[in-house]
Amino acid sequence: ILSERPLLMLTLASLTMMLSVSAFITYQPTWLEETLGATDFHIASLFAVGGVANAIGGPIAGWVSDTIGRKILVVGSSIVLAVMFLALLAVPNIYWAYPVMFITMLGVGARIGPLNAWMTALVDGNRHGSLMSLTMATGQAGFAVGSAAARVVVGRAVDVCGRA
């Protein structure tokens, strides 16, 4: 399946998304506690806000991708995610982290469904299971690597920004 270039590229996109999201959610609580004095309540409520945003973003993104196309939504939400991951480093206090988290998780929700729909549209129906299984495994590998690398990557970004 991955010998087909579009499928390889989309699988790699899934890998990098899961790598970046896992690094973000793994290290975000520690970073917020160390740099902004976030409490357990802040962290829990940030993830609640993120969950609501994801639940809102996913269904809307499905409809939008069916209307305007999957590619533009996948690329657009990827750009939003990259910007929002960086935006978190610039928030002046914990309260600014809430809209950043909302928009970030809206982007995650807006990307997953259209990406999967785009991939399955590129293969015959009898290969959907193989493709989705391979893509999920690749994404989970990215999740593992991102979680493990979170401290190094985010720690260096914090050093560059002069915080922590």
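This report concerns the structure included in the present document.

Conventions adopted
- Residues numbered from 1 in each chain as written.
- Predicted model: local features only at pLDDT ≥ 70, side-chain atom pairs only at ≥ 80, totals over all residues.
- Heavy atoms only, no water.
- Salt bridge = Lys/Arg side-chain N within 4 Å of Asp/Glu carboxyl O.
- Buried < 20%, exposed > 50% of the residue type's maximum accessible area, 1.4 Å probe, protein only.
- Helix = DSSP H or I, 4+ residues; strand = E, 2+ residues; numbered from the N terminus.
- Lys, Arg positive; Asp, Glu negative; His and termini not counted.
- Polar contact = N/O pair within 3.5 Å; in protein donor to acceptor, adjacent residues only side chain to side chain.
- Expected span 1.5 Å × (residues − 1).
- Arc of directions from axis to C-beta.
- Patch = residues over 30% accessible without salt bridge, like charges linked within 9 Å, V, L, I, M, F, W, Y side chains within 5 Å.
- Areas by Shrake-Rupley, 256 points an atom, 1.4 Å probe, with all protein chains shown as cover.
- Core = buried A, V, L, I, M, F, W, Y, C linked by side-chain atoms within 4.5 Å.
- Axes fitted to C-alpha atoms, helices over the stretch in contact; angles between N-to-C directions.
- Parallel < 35°, antiparallel > 145°, perpendicular 65-115°, else oblique.
- Left-handed = near helix turned anticlockwise from the far one by under 90°.
- Contact = heavy atoms within 4.5 Å.
- Nonpolar A, V, L, I, M, F, W, Y, C, P; charged D, E, K, R; others polar.

Side note on the pattern of salt bridges
Link 1 in the chain: Applying the stated rule across the entire model yields 1 salt bridge.
Link 2 in the chain: Residue Arg70 pairs with Asp66 through a salt bridge whose shortest N-O separation is 3.2 Å.
Link 3 in the chain: Classification of Asp66 by relative accessible area gives exposed; the value is 56%.

Brief notes about the side chain of Arg111
Link 1 in the chain: Among the structural elements, Arg111 can be located in helix H4 (residues 94-121).
Link 2 in the chain: Despite its burial, Arg111 pairs with no opposite charge; the closest candidate is Asp66, at 16 Å N-O.
Link 3 in the chain: Side-chain polar atoms of Arg111 contact the side chain of Ser78, separated by 2.6 Å.

Examining helix H3 (residues 70-88)
Link 1 in the chain: A rise of 1.5 Å per residue sets the reference length of H3, with its 19 residues, at 27 Å; its end C-alpha atoms lie 27 Å apart and thus fit the reference within 8%.
Link 2 in the chain: Those residues of H3 not exposed but buried are Leu73, Val74, Ser77, Leu81, Met84, Phe85 and Leu88. Buried residues along H3 cover an arc of 100 degrees about the axis, so they all sit on one side. Exposed residues lying more than 90 degrees from the buried face of H3 are Lys71, Ile72, Ile79 and Leu86.

A word on a nonpolar patch on the surface
Link 1 in the chain: Taken together, the side chains of Val52, Ile56 and Ile60 make up a nonpolar region of the molecular surface, amounting to roughly 250 Å² of accessible area.
Link 2 in the chain: Summarising the element assignment, Ile56 is placed in helix H2 (residues 40-68).
Link 3 in the chain: Residue classification places Ile56 among the partly exposed residues on the basis of a relative accessible area of 38%.

Thoughts on the nonpolar core
Link 1 in the chain: Counting residues in hydrophobic clusters, the biggest one holds 26 residues, and the most contacted among them are Trp31, Leu32, Leu46, Leu88, Ile94, Ala97 and Val108.
Link 2 in the chain: Looking at this core, the elements that each hand over two or more residues are helix H1 (5-36), H2, H3 and H4.
Link 3 in the chain: Top element by residues in this core is H1. It accounts for 8 residues.
Link 4 in the chain: If you look at the next biggest cluster of nonpolar residues, it comprises 7 residues, including Leu115, Met119, Val123 and Leu131.

Some points on the packing of H1 against H3
Link 1 in the chain: Two elements in contact, H1 and H3, have axes whose closest approach is 11 Å; the angle formed by their N-to-C orientations is 15 degrees. The pairing of H1 with H3 is recorded here as roughly parallel in orientation. Note on packing geometry: the crossing formed by H1 with H3 is left-handed. Two secondary-structure elements touch here, H1 through Met17, Ser20, Val21, Phe24, Gln28, Trp31 and Leu32 and H3 through Leu81, Phe85 and Leu88.
Link 2 in the chain: Considering only residue class, the contact of H1 with H3 consists of 8 nonpolar, 2 polar and no charged.

Without other data, these values stay purely geometric and don't point to any function.
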